Amino acid sequence: MQPLLNIAIRAARKAGNVAIKAYENPVSIEIDSKGDNSVVTNIDRAAEALIVETIKKAYPDHTIVAEESGIIKGKESEIQWIIDPIDGTTNFIKNIPHFAVSIAVRVKGKTEAAVVYNPITNELYTASRGHGAQLNGYRLRVNNSKDLASSMLATIFPAHNKQYSDCYFAVLQKLFTQCSHFRYTGSAALDLAFTAAGRLDGLFELGLKPWDIVAGELILREAGGVITDFAGNNNYMTSGNVIAGHPKVVKDLLVMTQDLWDERLKV
Ligand code: IPD
Ligand code: CA
Ligand code: CA
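Everything numeric here is computed off the predicted structure, so don't read it as measured data.

Caption draft 1: Just helix α1 (residues 2-24), in detail. Taking 1.5 Å of rise per residue, 23 residues should cover 33 Å, and α1 covers 32 Å from first to last C-alpha, within 8% of that figure. Along α1, the residues that are buried comprise L4, L5, I7, A8, I9, A11, A12, A15, G16, A19, A22 and Y23.

Caption draft 2: Quick look at the site of ligand 1. Taken together, E67, D84, I86, D87, G88, T89, I156, G186, S187, A188, L208 and D212 make up all the residues around ligand 1. E67 has a polar side-chain atom sitting 3.4 Å from an oxygen atom of ligand 1. Between ligand 1 and the protein, one listed contact pairs an oxygen atom with a side-chain N or O atom of D87 at 2.6 Å. In the complex, the protein chains occlude 83% of the 370 Å² of accessible area that ligand 1 would expose alone. When atom positions are compared with the pocket grids, ligand 1 is found to occupy the largest pocket. If one sorts the elements of the shell around ligand 1 by residue count, strand β5 (residues 76-87) sits on top with three residues. Classifying every residue of the shell around ligand 1 gives four nonpolar, four polar and four charged.

Caption draft 3: Structural context of the environment of K146. Relative to the elements of secondary structure, K146 occurs in the loop between β10 (138-139) and β11 (152-155). Distance in space between the C-alpha atoms of K146 and H246 is 9.7 Å, their sequence separation being 100 residues.

Caption draft 4: The arrangement of the coordination of the calcium ion (ligand 3) in detail. Those donors, E67 (OE), D84 (OD) and I86 (O), are the protein atoms that reach the calcium ion (ligand 3), and they lie 2.2 to 2.3 Å from it. Expressed as a motif, the donor residue spacing for the calcium ion (ligand 3) is E-x16-D-x1-I. A gap of 3.8 Å separates the calcium ion (ligand 3) and the calcium ion (ligand 2), which D84 links by coordinating each metal. Residue E67 is found in the loop between β3 (62-66) and β4 (70-72), and its partner I86 is found in strand β5; the two are separated by 19 residues along the sequence.

Caption draft 5: Seen up close, the sheet that holds strand β9 (residues 133-135). Spatially, eight strands are ordered β4-β3-β5-β6-β7-β8-β9-β10 in an open sheet, and the strand pairing comes out mixed. Every other strand in the sheet has two partners, leaving β4 and β10 as the edge strands with one partner each. Bridge count for strand β7 (residues 110-118) against strand β8 (residues 123-128) is six bridges, and the pairing is antiparallel. Residue pairing for β8: N118 is matched across the bridge by E123. Packed onto the sheet, helix α2 (residues 42-58) meets β3, β4, β5 and β6 (100-107) and runs at close to 150 degrees relative to β5. Where helix α5 (residues 188-196) meets the sheet, its contacts fall on β5, β6, β7 and β8, and the angle it forms with β7 comes to roughly 100 degrees.

Caption draft 6: Looking closely at the side chain of S38. Among the secondary structure elements, S38 is positioned in the loop between β1 (31-33) and β2 (39-41). When sequence neighbours within four positions are dropped, the list of residues in contact with S38 reads D32, S33 and H160.

Each value, and the rule that gives it
Residues numbered from 1 in each chain as written. Chains lettered and ligands numbered in written order. Predicted model: local features only at pLDDT ≥ 70, side-chain atom pairs only at ≥ 80, totals over all residues. Heavy atoms only, no water. Helix = DSSP H or I, 4+ residues; strand = E, 2+ residues; numbered from the N terminus. Expected span 1.5 Å × (residues − 1). Buried < 20%, exposed > 50% of the residue type's maximum accessible area, 1.4 Å probe, protein only. Near = heavy atom within 4 Å. Polar contact = N/O pair within 3.5 Å; in protein donor to acceptor, adjacent residues only side chain to side chain. Areas by Shrake-Rupley, 256 points an atom, 1.4 Å probe, with all protein chains shown as cover. 1 Å grid on protein atoms, 1.4 Å probe; cavity = no way out; pocket = protein on both sides within 12 Å on 5 of 7 lines; lining within 4 Å. Sits in = over half its atoms within 2 Å of the grid points. Nonpolar A, V, L, I, M, F, W, Y, C, P; charged D, E, K, R; others polar. Donors = N, O, S within 2.8 Å, 3.2 Å for Na, K, Ca; no water. Pairing = 2+ DSSP bridges. Contact = heavy atoms within 4.5 Å. Axes fitted to C-alpha atoms, helices over the stretch in contact; angles between N-to-C directions.

Here is the structure:
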């Protein structure tokens, strides 16, 4: 699967360069509302166009699912590229240097190659299924956490799902009292990659989209981490509700939060 990964890396670097240029010249950034209470910029669109062009040049028949363009059908429907041109657009707009390009390739429903790239720090997280995960070429392993009490967790407030604020903050309050530290970074893809790198021990986030999750998921799994939905099942790609991290941390998070989630978030 190295050829797929190589094209994903090439596309991510090109998109990252577009993002860096705009980051250094913020007046070039034009912000639009997407209507679902979220925002997009001309740079998200330009970066995505470049990724699509790079993939299409190498693999004209593959199908692409891109956050800003939707589905671009190819003759080959069993090979799908899942793209988030900028994960962390709100950080990007605020000139906070924490956002990433996220690209994954799925073959017959299995993620085979993944890239999460922070162009500002030049950190390139990569994974090929069965061949481990790397950060700038160095092998990644999840942090060998001993217990929740020493764990640093990440989360993201449910800004687009405020109807779940009560149970969300009940979960946060309980975990806050049991873990060591919390971080709110504003990029789900980087949270997964950071967890793969052992910088974080685990995370819980709700209402994510497949392009927020897929690449980071493979990188995390290849680094020895696990990912589940809020009920401990595999439905996270559909529900968008994710608990992830070191296996022991995930187990603890599931046990501690089961009775607090709104039942609708557990399906
Ligand atoms: C967002 C980020 C954020 C998460 C949101 C996503 P975007 O992606 O991953 O961390 O909380 O749910 O939509 O819009 O910056 O690509
Ligand atoms: Ca995203
Ligand atoms: Ca995005």
